[in-house]
Amino acid sequence: MSALASYAAHEERSRGRRHAEPPPPYRSEFQRDRDRIVHSTAFRRLVYKTQVFVNHEGDLYRTRLTHTLEVAQIARTVAGQLRLNEALSEAICLAHDLGHTPFGHAGQDALNECMADFGGFEHNLQSLRVVDELEEHYAGFDGLNLTFECREGILKHCSYKNALTIGDVGERFIRREQPGLEAQLANFADEIAYNNHDVDDGVRAGLIALDDLLEVRLFADHHAEVREAHPRIQGRRLLYEVLRRMINHLVTDLIDSSVARLRETGVDSIDAVRAQRAFLIGFSEETAAANQQLKTFLREHLYRHYKVQRMTSKARRVVRELFDAFFGDPALMPPEHRAAARRREASQGPTGRARAVADYIAGMTDRYAILEHRRLYDPAERT
Ligand code: MG
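Residues numbered from 1 in each chain as written. Predicted model: local features only at pLDDT ≥ 70, side-chain atom pairs only at ≥ 80, totals over all residues. Heavy atoms only, no water.

### Focus on the coordination of the magnesium ion
Octahedral six-donor coordination of a metal ideally yields angles of 90 or 180 degrees, compared with 109.5 degrees for tetrahedral four-donor coordination.
Here is step 1 of the chain: The protein atoms that coordinate the magnesium ion are His-67 (NE2), His-96 (NE2), Asp-97 (OD) and Asp-190 (OD), at distances spanning 2.1 to 2.6 Å.
Here is step 2 of the chain: Between the donor residues of the magnesium ion, the gaps in sequence give the motif H-x28-H-D-x92-D.
Here is step 3 of the chain: Assessed through its relative accessible area of 4%, Asp-97 is described here as buried. (Donors = N, O, S within 2.8 Å, 3.2 Å for Na, K, Ca; no water. Buried < 20%, exposed > 50% of the residue type's maximum accessible area, 1.4 Å probe, protein only.)

In structure tokens:
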């Protein structure tokens, strides 16, 4: 592959780490970020966290971990084509969901409601907390001490109010600047991955029918193409053949449209990218509309399906009741979390206690949350 483009993230010009460390002898700085993420505890937890379908519903559904790997793989391909920093894109993608609660978005929404009086809860901000503070892996510092560029990429959105409280990576939200291209790319890789794998998982679960999908233009076009090339193909193989073409279409469009925008604007450094009014990575208008239609379809047919809603409602109840129990009596938490609650409460009052409880709950896998809930509320369960 050719050398990095001028607008890519170059490690010699990195804004560095929060705690100075000697450079790694045989890896790049961004490769070291990536490796630290893979070795983190939060990364291993992703295997038992819900994407859309709760883990115990079946072995073949995506979990946060397999979702994350698909995102990273798409991002690497695009980064290579745009001559961006592949290791940095990969690191950002591998870390992008580390702050997710158990039970997917239902868990995040419930925890956010519980935290309403204490600054709220946002999974994206929590991903940054995980890599900056919560991981206990290194002798010299809390967190993973990642590069600025990686942390900037992990924090993909942030309210103005929160931005004021988080230092260097919050500044761009105050100044309305953009993140580097590797970070921009991670957002799109995330979308391409989940829109397509949610179709697969939805069909597998029997919640979406192939016939319904034909109302989605992106699906219908590629479906027609596959039927013409392979008239006898059906079932799973047909679905996969359509999905791989959809992913390919989206990725190709993303590369071509981004190249065109990079040329038009003539940016020649990461700082020039940051100073732009909008993202430079993105789909063409036509593909953006087609992608949006797919998203709307998934929302109506899958995420709002009554069977998914039932799981969502159970998940909310579990998270809410865990929070109530631990916030009401932090002594119910295991010693390290109880100590964190005491420490934070001493400096910040009830807000500090609530944050320690939220950190504990957000770190749980689905099955651990269910087990904790049982231990707290079912008298017959061992504690
Ligand atoms: Mg994601």
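### Brief notes about the nonpolar core
Here is step 1 of the chain: Among the nonpolar cores identified, the biggest contains 83 residues, and Ile-37, Leu-84 and Leu-98 are the most heavily contacted of them.
Here is step 2 of the chain: Beyond its immediate sequence surroundings of up to four residues, Ile-37 is in contact with Phe-43, Ala-91, Leu-94, Ala-95, Leu-98, Leu-144, Leu-146 and Cys-150.
Here is step 3 of the chain: The next biggest cluster of nonpolar side chains, apart from the first, holds 26 residues, and it includes Ala-110, Phe-121, Phe-323 and Ile-361. (Core = buried A, V, L, I, M, F, W, Y, C linked by side-chain atoms within 4.5 Å. Contact = heavy atoms within 4.5 Å.)

### Some points on helix H1 (residues 29-39)
Here is step 1 of the chain: Burial of H1 is extensive: eight of the 11 residues sit out of reach of the surface.
Here is step 2 of the chain: Taken together, the buried positions of H1 are Glu-29, Phe-30, Arg-32, Asp-33, Arg-34, Asp-35, Arg-36 and Ile-37.
Here is step 3 of the chain: As for H1, its buried residues are in contact with helix H2 (41-45), helix H4 (86-95) and helix H7 (148-154). (Helix = DSSP H or I, 4+ residues; strand = E, 2+ residues; numbered from the N terminus.)

### Focus on the packing of helix H17 (residues 335-348) against helix H18 (residues 350-363)
Here is step 1 of the chain: Running from N to C, H17 and H18 cross one another at 150°; their axes reach a closest spacing of 6 Å. As summarised for this structure, H17 and H18 are arranged roughly antiparallel, according to the angle between their axes. Seen from above, H17 lies across H18 with right-handed handedness. Of the residues in H18, those in contact with His-337, Ala-340, Ala-341, Arg-344, Glu-345 and Gln-348 of H17 are Pro-350, Thr-351, Gly-352, Arg-353, Arg-355, Ala-356, Asp-359 and Tyr-360.
Here is step 2 of the chain: Counted by class, the contact of H17 with H18 contains five nonpolar, four polar and five charged residues. (Axes fitted to C-alpha atoms, helices over the stretch in contact; angles between N-to-C directions. Parallel < 35°, antiparallel > 145°, perpendicular 65-115°, else oblique. Left-handed = near helix turned anticlockwise from the far one by under 90°. Nonpolar A, V, L, I, M, F, W, Y, C, P; charged D, E, K, R; others polar.)

### Let's talk about the domain arrangement of the protein
Here is step 1 of the chain: Splitting the protein by domain gives domain 1 (22-307) and domain 2 (308-377).
Here is step 2 of the chain: For domain 1 versus domain 2, the distance between C-alpha centres works out to 27 Å.
Here is step 3 of the chain: The partner domain 2 presents 28 residues to the 35 residues of domain 1 that form the contact.
Here is step 4 of the chain: For the pair domain 1 and domain 2, the summed buried area comes to about 2,800 Å², and 63% of that belongs to carbon and sulfur atoms.
Here is step 5 of the chain: Residue Glu-133 pairs with Arg-344 through a salt bridge whose shortest N-O separation is 3.8 Å.
Here is step 6 of the chain: Applying the counting criterion to the domain 1 and domain 2 interface returns 17 residue pairs in polar contact (both at pLDDT 80 or more).
Here is step 7 of the chain: Those elements that provide at least two residues to the side of domain 1 that touches domain 2 are helix H5 (104-114), helix H6 (123-134), helix H15 (285-303) and helix H16 (306-328). (Domains from an automatic or database assignment. Buried area = accessible area lost by both parts, 1.4 Å probe. Salt bridge = Lys/Arg side-chain N within 4 Å of Asp/Glu carboxyl O. Polar contact = N/O pair within 3.5 Å; in protein donor to acceptor, adjacent residues only side chain to side chain.)

### Quick word on the packing of aromatic side chains
Here is step 1 of the chain: With the rule as written, the count across this model stands at seven aromatic pairs.
Here is step 2 of the chain: Within the aromatic cluster, the residues linked to one another by ring pairs are Phe-118, Phe-323 and Phe-327.
Here is step 3 of the chain: Above the face of the Phe-327 ring, Arg-353 is positioned so that its terminal group lies 5.2 Å from the ring centre.
Here is step 4 of the chain: In this arrangement the basic side chain of Arg-367 is found over the ring face of Tyr-48, its NZ or CZ atom lying 3.8 Å from the centre. (Phe/Tyr/Trp six-rings, centres within 6.5 Å; stacked < 30°, edge-to-face > 60°. Lys NZ or Arg CZ within 6 Å of the ring centre and 35° of its normal.)

### Remarks on the packing of helix H10 (residues 181-204) against H15
Helix-helix packing is described using two parameters, namely the angle between the two axes and the distance between the axes.
Here is step 1 of the chain: Their axes nearest at 11 Å, the elements H10 and H15 cross at an angle of 40°. Our classification of the angle between H10 and H15 gives oblique. Judged by the twist between their axes, the crossing of H10 over H15 is left-handed. Of the residues in H15, those touching H10 at Glu-191, Tyr-194, Asn-195, Asp-198, Val-199 and Gly-202 are Asn-291, Leu-294, Lys-295, Leu-298, Leu-302 and Tyr-303.

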